[in-house]
Amino acid sequence: MQKVEWGEYRMGDLFKKIPTIKLPYKADNLPKQPIGKYELPCLTSSFQNQGLNYYAPTDNATVLQNVISIPSNSDVYRAYYQSRPFTILSDAYAICWKREEEELSPNQYLFIVMCINKVTDLAIYSYKNKLGGWNVVQDKNILLPIKQGKIDLDFMENFIAELEAQYIAELEAYLSITGLKDTHLTLEEEQVLRDFDKIHWGEFNVEDLFGNSTRGKRLKSTDRIPGTLPFVTAGEASEGVSAFIGNDVRQFSSNTTTVDMFGSAKYRNYPYGGDDHIAVVHTENLPEYAAIFVTTAIHKSAHNGQFDYGRNCYAKDVDALTIFLPITEANTPNYDLMKTIISGIHKLVIQDVVTYSTKKAEATKKVINN
């Protein structure tokens, strides 16, 4: 990378905005999972799942694929390469390569997306200082690798392929060292997953189960000392870990759950500190997989749009939540069952990861060898 020559290019000279048909739907009225005719992913201004969090009918929708999406009304201006079919719902748009003599590959699109995100830096733009739409972005300049005065598409292709091969190799090594390649389901796990629809559920109050949630304490970014302790704040980027600090702050134990100001719950398997925009649910006495199950139940209850910038989720709000959990015959939370469910799901996910890594390793070898 140090030997690469770079050229500066205006976004509008490389890309064009794609016109789309306005859909007659509101996000809140659309399902978050594909159901029946609601099968086409919809793009909104969101960090989660590359902005594709709702589904709409394909009828009368502009179906896009192999393009770049950019939010137009957000505090997270992150461009993404969208390799699969989708459509635009709101607060976002898509752009495509406009040079007809060149057709970009997925790897080249991925490289350019990284270059675009360099100029939509989160440190520059925010909810209060918005980047704006394509009329603003098209005049931004990005740096791209060049060779003999032309954009070096071959370098982009090989760089992403080699980077992917490196991470796939690391993933393969990790799976082998940790024993995660053994994804054989036990008879108990198979039975529980097969009979999932037969599980009996009960309603529980978070405070009744885990005591009072603990609110973090504010620590201004200017007062943070570099260190090794993860410091959790509100947000989805890096799962809310905004910095690693060396300050003398309260450390929360691993195997606990954080809920941020928007109601987004996350499981933590490491000690950490937290600011006043998160609440900690003390699940540390649960088995690890049961705590993960509980985190999911809390997220399902809290992250439904009831909390936002106008109404933050605080520890008292978390304590008041009602969550649904599998129950025993005595109507108490069945943590053993939760543990088995998550263990089985974990193995199924790892099965997919193992299959993916194997296929990707073979594919990237072919690209690099060529």
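Because the structure is a prediction, the values reported are computed rather than measured.

### Examining the packing of aromatic side chains
Okay, step 1: Inspection of the entire model under this criterion finds 12 aromatic pairs.
Okay, step 2: Put simply, the rings of Trp 6, Phe 111, Phe 155 and Phe 159 pair up and form one aromatic cluster.
Okay, step 3: The ring of Tyr 93 has Lys 17 lying over it, and the distance from NZ or CZ to the ring centre is 5.4 Å.

### Focus on the environment of Asp 154
Okay, step 1: Secondary-structure assignment places Asp 154 in helix α4 (residues 153–178).
Okay, step 2: A residue is classified by how much of its surface remains accessible, and Asp 154, at 57% relative accessible area, is exposed.
Okay, step 3: Placed 46 residues apart in sequence, Asp 154 and Gln 108 show a C-alpha to C-alpha distance of 8.3 Å.

### Some remarks on the sheet that holds strand β1 (residues 5–10)
Okay, step 1: One open sheet holds the three strands; their spatial order is β1-β9-β10, and the pairing between them is antiparallel. At either end of the open sheet lies a strand with only one pairing partner, and these are β1 and β10 (150–151).
Okay, step 2: Bridge analysis of strand β9 (residues 141–147) against β10 gives two bridges, and the strand direction is antiparallel. Each residue of the ladder has a partner; that of Ile 146, found in β10, is Ile 151.
Okay, step 3: Relative to the sheet, helix α2 (residues 106–119) contacts β1 and β9, its axis offset from that of β9 by approximately 140 degrees.

### Observations regarding the pattern of salt bridges
Okay, step 1: By the definition in use, this model includes 10 salt bridges.
Okay, step 2: One salt bridge connects Asp 276 with Arg 218, and the closest N-O pair in it is separated by 3.1 Å. Residue Asp 276 is found in the loop between β17 (273–274) and β18 (278–281), and its partner Arg 218 is found in the loop between β12 (214–215) and β13 (226–232); the two are separated by 58 residues along the sequence.
Okay, step 3: Given a relative accessible area of 11%, Asp 276 falls into the buried group.
Okay, step 4: A relative accessible area of 57% places Arg 218 in the exposed class.
Okay, step 5: A salt bridge links Glu 236 to Lys 266; the shortest N-O distance between them is 3.1 Å. Of this pair, Glu 236 sits in the loop between β13 and β14 (241–245) while Lys 266 is found in strand β16 (residues 265–268), placing the two residues 30 residues apart along the sequence.
Okay, step 6: On the accessibility criterion, Lys 266 (10% relative accessible area) is buried.

### Here's the deal with empty space enclosed by the protein
Over the atoms rolls a probe the size of a water molecule, and in doing so it shows where empty space is left.
Okay, step 1: Inspection of the entire model under this criterion finds two cavities of 30 Å³ or more.
Okay, step 2: When its volume is computed, the largest cavity comes out at roughly 70 Å³.
Okay, step 3: Taken together, 13 residues form the lining of the largest cavity, with Thr 44, Ser 46, Pro 71, Arg 78 and Tyr 80 sitting closest to its centre.
Okay, step 4: By residue number, the principal contributor to the lining of the largest cavity is strand β5 (residues 67–71), which donates three residues.

### Concerning the pairing of strand β11 (residues 201–205)
Okay, step 1: Because side chains alternate across β11, one face comprises the buried residues Gly 202 and Phe 204, and the other comprises Trp 201, Glu 203 and Asn 205, none of which is buried.
Okay, step 2: Here β11 runs beside strand β19 (residues 322–326); their pairing, made up of five bridges, is antiparallel. Each bridged residue has a counterpart across the sheet, and for Trp 201 the counterpart in β19 is Pro 326.

### Describing the nonpolar core
Okay, step 1: Ranked by internal contacts, the top residues of the largest apolar core, which has 37 residues, are Phe 15, Ile 68, Ile 95, Ile 112 and Leu 144.
Okay, step 2: At the level of elements, α1 (11–14), β5, β8 (92–97), α2, α3 (134–137), β9 and α4 are the ones that each hand at least two residues to this core.
Okay, step 3: The residues contacting Phe 15, other than those within four sequence positions of it, are Ile 68, Ile 95, Cys 96, Trp 97, Lys 98, Tyr 109, Ile 112 and Trp 134.
Okay, step 4: Core analysis: the second largest hydrophobic core is formed by 31 residues, Val 259, Tyr 267, Ala 297 and Ile 341 among them.

### Examining the sheet that holds β13
Okay, step 1: With respect to topology, three strands assemble into an open sheet ordered β14-β13-β17, the strand pairing being mixed. The open sheet is flanked by β14 and β17, the only strands paired with a single partner.

Reading the values: the criteria
- Residues numbered from 1 in each chain as written.
- Predicted model: local features only at pLDDT ≥ 70, side-chain atom pairs only at ≥ 80, totals over all residues.
- Heavy atoms only, no water.
- Phe/Tyr/Trp six-rings, centres within 6.5 Å; stacked < 30°, edge-to-face > 60°.
- Lys NZ or Arg CZ within 6 Å of the ring centre and 35° of its normal.
- Helix = DSSP H or I, 4+ residues; strand = E, 2+ residues; numbered from the N terminus.
- Buried < 20%, exposed > 50% of the residue type's maximum accessible area, 1.4 Å probe, protein only.
- Pairing = 2+ DSSP bridges.
- Contact = heavy atoms within 4.5 Å.
- Axes fitted to C-alpha atoms, helices over the stretch in contact; angles between N-to-C directions.
- Salt bridge = Lys/Arg side-chain N within 4 Å of Asp/Glu carboxyl O.
- 1 Å grid on protein atoms, 1.4 Å probe; cavity = no way out; pocket = protein on both sides within 12 Å on 5 of 7 lines; lining within 4 Å.
- Points joined across faces, edges and corners; volume = space filled by probe spheres on them.
- Core = buried A, V, L, I, M, F, W, Y, C linked by side-chain atoms within 4.5 Å.

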